[in-house]
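# A look at the structure
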Amino acid sequence: MGLKMAEYIKNNVQLQILAAFICMPLLIWAAGSTPQRTLLKESLSLITIIAFSLMIGLFYLARANKFIVKKIKFSKLIGLHKFIGYTAVPVLLLHPFLLVVPRFYEAGVDPFEAFTTILTTFTSKGVVFGLITWSLMLLIAVTSLFRKKLPMKYPTWRVVHGGLAGLCIFSAVFHVLDLGRHSDLAMSVFIVLLSAGGIYLLLKNYASQEKKTGGEI
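Here the structure is a predicted model, which means the values were calculated and not measured. (Residues numbered from 1 in each chain as written. Predicted model: local features only at pLDDT ≥ 70, side-chain atom pairs only at ≥ 80, totals over all residues. Heavy atoms only, no water.)

What follows concerns the pattern of salt bridges. A full pass over the atoms with the stated rule returns one salt bridge. For Glu-42, the salt bridge goes to Arg-37, with nearest N and O atoms at 3.4 Å. The exposure class of Glu-42 is buried, given its relative accessible area of 6%. The class of Arg-37 is partly exposed, set by a relative accessible area of 33%. (Salt bridge = Lys/Arg side-chain N within 4 Å of Asp/Glu carboxyl O. Buried < 20%, exposed > 50% of the residue type's maximum accessible area, 1.4 Å probe, protein only.)

Next comes the structure, spelled out in structure tokens:
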């Protein structure tokens, strides 16, 4: 049974990518030296870490990744991309609210006061990048849900979608590196390298499309 499962994973590239973007951050988290908190806080942190990692993984589960396009049927690739996007993005959009959820069960700062403080601390670069990231994610979600109603053709929307995703990840990385509780050296390297790789694939795809169309992507 174990050998069959190993063989199945070996021949299933989408499972390999999913395993990398789920298992790797979990292993880094488990090996980290960050002081443990309550079960609720750690669970919310893990959900957020995995969602963010999977969001980075979307760059690798897209047509910009020529390698995976050859390995997976395009319909399956799009379906997996949408499933992860519609799962991970809502979790990350809820991230600011999830930060204050434990406050309802603890003494001290009122949760609504804590939430207001988070949204208005513009002196922190991490908070500013977080607000930019949240706004871009919301824009990505809305334009994805209502793509067919937008006044643009699919190729144009795809370019806009990829551009917004690239800006979102760029901003998110700075937010995480500045404020992420679990952003030790190992986690930071993991996030930076995979994000850089994803953006590279996106830019490479744009350059390839521009070359094919003579400057009109």
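It is worth spelling out the nonpolar core at this point. Residues Phe-52, Ile-84 and Ile-191 are the most contacted members of the largest nonpolar core, which totals 42 residues. Elements represented by at least two residues in this core include exactly helix 2 (13-31), helix 3 (39-57), helix 5 (74-93), helix 8 (125-145), helix 9 (154-179) and helix 10 (185-212). In contact with Ile-84, other than residues within four places in its own chain, are Leu-18, Leu-54, Leu-58, Leu-61 and Val-89. (Core = buried A, V, L, I, M, F, W, Y, C linked by side-chain atoms within 4.5 Å. Helix = DSSP H or I, 4+ residues; strand = E, 2+ residues; numbered from the N terminus. Contact = heavy atoms within 4.5 Å.)

On to a nonpolar patch on the surface. A cluster of nonpolar residues, Tyr-86, Leu-138, Val-142, Leu-145 and Phe-146, forms a patch on the protein surface that exposes about 470 Å² of accessible area. For the nonpolar patch, the leading source of residues is helix 8, giving three residues. Within the secondary structure layout, Leu-138 lies in helix 8. Given the relative accessible area of 35%, Leu-138 is considered partly exposed. (Patch = residues over 30% accessible without salt bridge, like charges linked within 9 Å, V, L, I, M, F, W, Y side chains within 5 Å. Areas by Shrake-Rupley, 256 points an atom, 1.4 Å probe, with all protein chains shown as cover.)

Before going further, it helps to spend a moment on the side chain of Ser-183. Here Ser-183 is to be found in the loop between helix 9 and helix 10. The contacts of Ser-183, once residues within four sequence positions are left out, are Val-176, Leu-177 and Ser-188.

Our next topic: the packing of aromatic side chains. Summed over the entire model, instances satisfying the criterion amount to four aromatic pairs. Consider the rings of Phe-21 and Tyr-60, whose centres lie 5.4 Å apart with planes at 45°: the pair is tilted. Placement of Phe-21 in helix 2 and of Tyr-60 in the loop between helix 3 and helix 4 (66-71) is noted, with a sequence separation of 39 residues between them. Grouping residues by exposure puts Phe-21 and Tyr-60 together as buried. Note on Phe-170 and Phe-174: the rings are 5.1 Å apart at their centroids and 65° apart in plane angle, and the pair reads as edge-to-face. (Phe/Tyr/Trp six-rings, centres within 6.5 Å; stacked < 30°, edge-to-face > 60°.)

Packing of helix 8 against helix 9 brings their axes to within 8 Å, and their N-to-C directions diverge by 155°. As judged from the angle between their axes, helix 8 and helix 9 are roughly antiparallel. As helix 8 runs across helix 9, the sense of the crossing is left-handed. Counted by class, the contact of helix 8 with helix 9 contains 15 nonpolar, eight polar and two charged residues. (Axes fitted to C-alpha atoms, helices over the stretch in contact; angles between N-to-C directions. Parallel < 35°, antiparallel > 145°, perpendicular 65-115°, else oblique. Left-handed = near helix turned anticlockwise from the far one by under 90°. Nonpolar A, V, L, I, M, F, W, Y, C, P; charged D, E, K, R; others polar.)

For the pair helix 3 and helix 9, interaxial distance at closest approach is 11 Å and the crossing angle is 145°. In this structure, helix 3 crosses over helix 9, and the sense of that crossing is left-handed. Seen from helix 3, the contacting residues are Phe-52, Met-55 and Ile-56; seen from helix 9, they are Cys-168, Ile-169, Ala-172, Val-173 and Val-176. Among the residues making up the contact of helix 3 with helix 9, the classes are represented as eight nonpolar, no polar and no charged.

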